[in-house]
Amino acid sequence: MKKGTLRQVLLLTDGCSNAGGDPVAIAALMKEQGITVNVIGILEESQHGEHGLNEVEQIASSGGGISQIVYAKQLSQTVQMVTRKAMTQTIQGVVNKELQQILGEEHELEDLSPAKRGQVVEVVDDLGETMDLEVLILVDTSASMTKKLPMVQEALIDLSVSLRSRTGANQFSLYSFPGKRQDVEKRLGWTPHLDSLSGVFKKLTPGGLTPTGPALQEALHIFYKRMDRIEVERDERTDLEETGM
Amino acid sequence: MREPISKKQGCKLYNDQRLIGKWHKNQYHIIKELGRGATGTVYLADTKAGLAALKVGQDAMSITSEVNVLKHFSKVQGDHLGPSLIDVDDVETTSGTYPFYVMEYIKGEEVIPFLRSRGGEWIGITIIQLLGDLDRLHLAGWAFGDLKPENLLMTGPPVRVRWFDVGGTTKLGRSIKEYTEFFDRGYWGLGSRKAEPTYDLFAVGMIMINCAYPSRLERKDKDNLKYLLTQVSQTSMLTAYSSVIKKALTGSYHDALHMRKDLTELIGHTSFSPEKHMVKKRSPVINKESATVNRKSYKKRVRRQQKRSSGIGETVLVASFLLLAYVLYLVGQIM
């Protein structure tokens, strides 16, 4: 039997959105569609605290994901930690629902005795290792991010190293916003590895606006399209991925 | 691991606090905080059976995951494979219910300062001990994962290195759960993050480098292997080990035993003259009497030897024989 696929958006940004719809609302919609939204807020070395990055937390919490605020230098480790934690959290959510069906309402992992908990956690660990994963990476490339982009690129290649070590299959795609003409620009179509990433951020023309909402909306459409196609051509799935969309 | 800036408030226990487990009703008396990890805080606690280490976290998932690993170890025959698990329970506080587990309290010295204060041969001996444990862990089907000096302690006497934080321990063949960049071969572009013996052995090589470079190094854009090996060749502390370190970093050792064998032979054939890296501690007085062979005091002698000036070749010769004997003795102890 085929185990399900975990779908995630990983949003990397350094500040508040200032164009288009409300990203928090879109994130809530995505959660309803089974897509987790994780957000990493990247600070400048000179910046302090979490000032102005409230939105980061709000998007993640309404998107059922995890948020983390870091300095650019610590990005690599954080990106992989957030992705992994979010996977576990999503799977745990599913397992918790199953538990509730078996044990009745108001029963969660914490309500089990420590001995029984161990078995449940082993199942969750197993699933996290073997389920297929699709990550759509959305990178904010507004003017203030320019200096941080080399770090972002490094962190993403690093994420690819981590995820490739899993037993389950991985698919990544990379989009940046704002784009030249549209809100979002495609940088890399669905691919199992991010090695092809080098140089992707070179030809950027940094823009002033940060249309986070529209960018998330576009991400949702990309997932819709992908899910439809997989639905139709499930049998030819491996073929499709190899011809490189 | 570096602390991320925003972190949800975990469970804070206070010195002298008494707590009773929700499920098993065991009582614990918190003495002090021992350290913080990625998944929780470890406290020294007094129990009915004596001192123990109590780790409290906020996330039942990750705490239970660690408990699972500790439980597996208690099934593995043999000593020293991680601290033994004593109890698993929840603590109910005013701010919520938090999961915790209690394990054996391992008391000891930090590894890097210990090794830096001793001679170069101690690096080898400690690593030999560590490799013996790693081999048994690998045979049991696990990789340590987040192998680094912070997760190790020097216990004794007799001097013995032990690990105490098993948070990153991963089943062989899976992806590494937790890592620290400097010790991670993925970070250096020298391999995957798959849990396999070679992953741990890479980290062992980096621990050796860490001894000579306590502030650690940062990766370069390319040629990281060449860069690391250059750093190794530039410090007298590691000269003797350069071939072993190279093989560990390139994944040439398929299991811990091979690396251990190479190291054992190497220490047997090398005379570690203390003056190379102990220049500042040299004292002008030569205590000739200390060269007398005395079985009971040889351990003490080895230690004293590095603080003493040893211009006389004879002394060095006798000392290296003693060392060889001691290494053989230690190896015998481990087997």
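Whatever comes next refers back to the structure up there.
Calculation rules
Residues numbered from 1 in each chain as written. Chains lettered and ligands numbered in written order. Predicted model: local features only at pLDDT ≥ 70, side-chain atom pairs only at ≥ 80, totals over all residues. Heavy atoms only, no water. Pairing = 2+ DSSP bridges. Helix = DSSP H or I, 4+ residues; strand = E, 2+ residues; numbered from the N terminus. Axes fitted to C-alpha atoms, helices over the stretch in contact; angles between N-to-C directions. Buried < 20%, exposed > 50% of the residue type's maximum accessible area, 1.4 Å probe, protein only. Arc of directions from axis to C-beta. Contact = heavy atoms within 4.5 Å. Phe/Tyr/Trp six-rings, centres within 6.5 Å; stacked < 30°, edge-to-face > 60°. Lys NZ or Arg CZ within 6 Å of the ring centre and 35° of its normal.

So, about the sheet that holds strand E2 (residues 27–36) of chain B. Residue and element names in this part refer to chain B. With respect to topology, 6 strands assemble into an open sheet ordered E1-E2-E3-E4-E6-E5, the strand pairing being antiparallel. Looking at which strands have only one partner, the edges of the open sheet turn out to be strand E1 (18–20) and strand E5 (85–93). Taking the axes of each pair of neighbouring strands and ignoring which way they run, one obtains an average angle of 40° across the sheet. With 6 bridges connecting them, E2 and strand E3 (residues 40–47) associate as antiparallel partners.

Right, let's get into unusual backbone geometry. Omega for the bond connecting Phe177 of chain A with Pro178 of chain A falls within 30 degrees of zero, at 0°, which places this linkage in the cis form. The residue Pro178 of chain A is located in the loop between strand E5 (170–177) and strand E6 (185–191) in this model. Phi at Asp16 of chain B takes a positive value of approximately 75°, unusual for a residue other than glycine. Accessibility expressed as a relative area gives 55% for Asp16 of chain B, which makes it exposed. Positive phi, normally seen in glycine, also occurs at Asp223 of chain B, with a value near 55°. Considering the arrangement of structural elements, one finds Asp223 of chain B in the loop between helix H4 (197–212) and helix H5 (224–233).

What follows concerns helix H6 (residues 242–249) of chain B. Residues lying three or four places apart along an α-helix face the same way, a consequence of the helix completing one turn every 3.6 residues. All names here are of chain B. Regarding H6, the residues found buried are Val244, Ile245, Ala248 and Leu249. All buried residues of H6 fall inside an arc of 130° around its axis, so they share one side. Looking at the packing, one finds that the buried side of H6 touches H4, H5 and helix H7 (256–269).

Scanning the model with the defined rule gives 7 aromatic pairs over all chains in all. Ring centres of Trp190 of chain A and Phe223 of chain A lie 5.6 Å apart, and the angle between their planes is 55°; on these two criteria the pair is classed as tilted. Of this pair, Trp190 of chain A sits in strand E6 while Phe223 of chain A sits in helix H6 (residues 212–232), placing them 33 residues apart in sequence. The two residues Trp190 of chain A and Phe223 of chain A agree in class, both being buried. Aromatic pair Phe114 of chain B and Trp122 of chain B: ring centres 6.1 Å apart, planes at 90°, arrangement edge-to-face. Trp122 of chain B shares its class with Phe114 of chain B; the two are buried. Taken together, the ring pairs in this structure connect Phe182, Phe183, Tyr187 and Trp188 of chain B into an aromatic cluster. Across from the ring centre of Trp190 of chain A, 4.4 Å away, lies the NZ or CZ of Arg226 of chain A, which sits over that ring. One Lys or Arg, Arg193 of chain B, reaches over the ring of Tyr179 of chain B and ends 4.1 Å from the middle of that ring.

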